[in-house]
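Summary of structural features
The residues making up each chain are set out below.
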Amino acid sequence: MAGSSHGHTPAAWTGVIISFIGFCVAGVFMVAASPAGFWAGIGVVLLGGVVGFAMKSAGLGMPKESDDLAAARSRAARAQTTS
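Computed from a prediction, not measured in an experiment: that's the story for all the values here.

Some thoughts on the overall build of the protein chain
Counting its secondary structure elements, the protein chain contains three helices and zero strands. Along the chain direction, N to C, the helices and strands of the protein chain fall in the order α-α-α. Taken against the 2.2 N^0.38 rule, which gives 12 Å for 83 residues, the C-alpha radius of gyration of the protein chain at 19 Å runs more than 25% over that of a compact globule. Summarising its shape, the C-alpha atoms of the protein chain cover approximately 60 × 30 × 15 Å along the three principal directions. Burial analysis of the protein chain (83 residues in total) assigns 14% to the buried set. Here the contacts in the protein chain between residues at least 6 apart in sequence split such that 61% fall between residues at least 24 apart.

With respect to unusual backbone geometry
A positive phi is found at A33, a non-glycine position, where the angle reads about 60 degrees. Examined against the element boundaries, A33 turns out to sit in the loop between α1 (10–31) and α2 (35–60). Overall, the relative accessible area of 63% leaves A33 in the exposed class.

Looking at the packing of aromatic side chains
All chains considered together, the criterion is met by one aromatic pair. Judged by centre distance (5.0 Å) and plane angle (75 degrees), the rings of F38 and W39 are edge-to-face. For F38, a relative accessible area of 22% gives the class partly exposed. Note on W39: relative accessible area 57%, which makes it exposed.

Considerations on α1
Taking 1.5 Å of rise per residue, the 22 residues of α1 would be expected to cover 32 Å, and the 32 Å separating its terminal C-alpha atoms lies within 8% of that figure. Buried within α1 we find A11, G15, S19, G22 and A26. For α1, the buried positions fall inside an angular range of 60 degrees around the axis, keeping them on one side. With respect to the buried face of α1, the exposed residues turned more than 90 degrees away are W13, V16, F20, V28 and V31. In the segment just after α1, A33 is the residue with positive phi, at about 60 degrees.

Regarding the UniProt feature "transmembrane region" (unreviewed entry) in the protein chain
The sites that carry the UniProt feature "transmembrane region" (unreviewed entry) are, in the present numbering, residues 12–32 and 38–55. The span residues 12–32 shows a helical share of 95% and a strand share of 0%, and its end C-alpha atoms are spaced 30 Å apart.

Basis of the calculations
- Residues numbered from 1 in each chain as written.
- Predicted model: local features only at pLDDT ≥ 70, side-chain atom pairs only at ≥ 80, totals over all residues.
- Heavy atoms only, no water.
- Helix = DSSP H or I, 4+ residues; strand = E, 2+ residues; numbered from the N terminus.
- Rg over C-alpha atoms; globule rule 2.2 N^0.38 Å.
- Buried < 20%, exposed > 50% of the residue type's maximum accessible area, 1.4 Å probe, protein only.
- Contact = heavy atoms within 4.5 Å.
- Phe/Tyr/Trp six-rings, centres within 6.5 Å; stacked < 30°, edge-to-face > 60°.
- Expected span 1.5 Å × (residues − 1).
- Arc of directions from axis to C-beta.
- UniProt positions renumbered as here; feature names shortened; annotations may be inferred.

Following this line, the structure appears as structure tokens:
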């Protein structure tokens, strides 16, 4: 996975950090028995997904792989397994 740079983009990091903060907020308010705070934390989790998607749409995510690059990658993988 390290070779593919999976998730190493500003969009991915920002979305995950916002969602993690929301998860922590929801967890604290769940323990404190405060339904409003819990749902606010869940809202922040969802906001993290929206922000990550918006940033990806704005070009801050990983670009889609072209067909030529995908074919070259599969040829290279096949060449490694046969040698």
